[in-house]
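# Architecture and fold: a report
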Amino acid sequence: MAITFHTQPQAFTPGSNPVVWSFSSDQTFQTNFSYIVEVYINAILHSTHQVFQQNGIYAKFNASEIMRGILSSPLITDTTLVTLYSSAYDLVNLKVYEQYGATPAIFANATSASKYVFNAALRHQDFVNWDYLDYNITTTNPLNGISYLTSWPRTYKYLCGLTEKVFLGFISNDSGLSVDIRLYDSANALIVSSLGNIITFQQLTVLDVSPQTIIDNTAITSGDFSTCVYYTVRTNATGMGAYLGKSEIFKIYIDTECQRYPSRRLHWLNKFGVWDSFTFDLVSTDSTKVEGNRYEKEKGIWNDENYVYPLYQGEGTTFSKRAEDTLTLNSDWIKQDVQQWLVRELYESPKVYLESSGSFEPVNVTNASYKLKVSRRDGLIQELVEIQRTYSFNSQLN
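Fair warning: this is a prediction, and the values are worked out from it, not measured in the lab. (Residues numbered from 1 in each chain as written. Predicted model: local features only at pLDDT ≥ 70, side-chain atom pairs only at ≥ 80, totals over all residues. Heavy atoms only, no water.)

## What to know about the overall build of the chain
From N to C terminus, the chain includes six helices and 26 strands. The C-alpha atoms of the chain give a radius of gyration of 28 Å, which is well past the 21 Å a tight globule of 398 residues would have. Principal axes of the C-alpha set define a box for the chain whose edges measure 100 × 70 × 45 Å. For the chain, the proportion of its 398 residues judged to be buried stands at 48%. Long-range pairs, those at least 24 residues apart, make up 67% of the contacts in the chain with a sequence separation of at least 6. Carbon and sulfur atoms form 50% of the exposed surface of the chain, whose accessible area is close to 20100 Å². (Helix = DSSP H or I, 4+ residues; strand = E, 2+ residues; numbered from the N terminus. Rg over C-alpha atoms; globule rule 2.2 N^0.38 Å. Buried < 20%, exposed > 50% of the residue type's maximum accessible area, 1.4 Å probe, protein only. Contact = heavy atoms within 4.5 Å. Areas by Shrake-Rupley, 256 points an atom, 1.4 Å probe, with all protein chains shown as cover.)

Here it is in structure tokens:
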């Protein structure tokens, strides 16, 4: 009597894609045979399921629908440099039992290895090629320049204003990490560095590497940023290991260009379950749709014993108004790779926020479709984004 696991998720696996274990038993010939599957989340029993073999002696269990309803990625709105994104991942494992007999009874069981499931949702082509080592900053990862959790095209400048927010996420199962931040001037000379930002967190971590957050949490000052053209962020494993893994050096340019119009910055939940950002620099248009609730009343009124028709009485009368705001954003001229990244990530995201003077307003992107533009075909490329504000206005009744 034995249960054997054959397929298991990767050590870090996206929760909105298949999270599948396959297993078998040497007792499937028994009467009324089935598998009883217990799902444990962070070592606590979540639910119990009955599963029947699907391919000879083999069966599988997919925990994706369970995890989709549990995991969440709230926007980070404070000024903390490092945040353990505990709501966006969980440690999951299965305990599988054999059940059989004329009166079915429980017999042997086996427990799978635990896997980190995080709040990501990859397109199928990306999921089948997913390798968590590409994003896992750990001492035992032999890769060099491990990627942060964003699909931003790395060959182009990533811009952020001095008062704007920018986030970087990564995964790790190491015992210790540090964040290396370095500021450079126009001659590529180092202005200042901050190397001692130690992280004891593990698994899924989000860095708020906005200029103001760096100033608030490190020895780097606003004066250092006054001559800064760009700065770099790198996360390094500090535990004991053969490789001492290091992330990519992510370069962020300070956006100091004079703007003809007020800029608008959006933040959205990306495919990896952390946050991407983009600033729209060209003219934006605020619009409002107004709807009135009306009723009709008699044209005349009684004035003592007389029935008169004063002009002020009115017939068609509005008793309340409702206003809903919309916003149209226009990007500056952008490269085709940036446009393709922007529309695919932004338009498909379920959570989008508009940043304004340090506050964040939830908004809905209403673009119903998009085209991946190509410079050779489309020439100069811009992107127009339609935003619906989520707060409406209701007028007085009188």
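That covers the picture; the talk isn't over yet.
## Focus: the pattern of salt bridges
Evaluation of the coordinates by the stated rule reveals 13 salt bridges. Measuring nitrogen to oxygen at the nearest pair gives 2.7 Å for the salt bridge that ties Arg154 to Glu248. Residue Arg154 is found in the loop between helix 2 (124-128) and strand 11 (158-160), and its partner Glu248 is found in the loop between strand 16 (230-237) and strand 17 (250-254); the two are separated by 94 residues along the sequence. Among the residues examined, Arg154 registers a relative accessible area of 36% and is labelled partly exposed. Here Glu383 makes a salt bridge to Lys373, at a shortest N to O gap of 3.6 Å. Of this pair, Glu383 sits in the loop between helix 6 (375-378) and strand 26 (384-394) while Lys373 sits in the loop between strand 25 (359-365) and helix 6, placing them 10 residues apart in sequence. Via salt bridges that share partners, Arg264, Asp286, Glu361 and Arg389 belong to a single interconnected network. (Salt bridge = Lys/Arg side-chain N within 4 Å of Asp/Glu carboxyl O.)

## Some remarks on a nonpolar patch on the surface
There is a patch of nonpolar side chains on the surface, built from Tyr295, Phe319 and Leu397 and spanning about 310 Å² of accessible area. Structurally, Tyr295 is set in strand 20 (residues 285-296). Here Tyr295 falls in the partly exposed class, since its relative accessible area comes to 40%. (Patch = residues over 30% accessible without salt bridge, like charges linked within 9 Å, V, L, I, M, F, W, Y side chains within 5 Å.)

## Some remarks on the pairing of strand 17
Counting buried residues in strand 17 gives four out of five residues, a clear majority hidden from the surface. Here strand 11 runs beside strand 17; their pairing, made up of three bridges, is parallel. Bridging across to strand 17, Cys160 finds its partner in Ile254. By the bridge criterion, four bridges tie strand 16 to strand 17 in an arrangement that is antiparallel. If you follow Tyr230 over to strand 17, its bridge partner there is Tyr253. (Pairing = 2+ DSSP bridges.)

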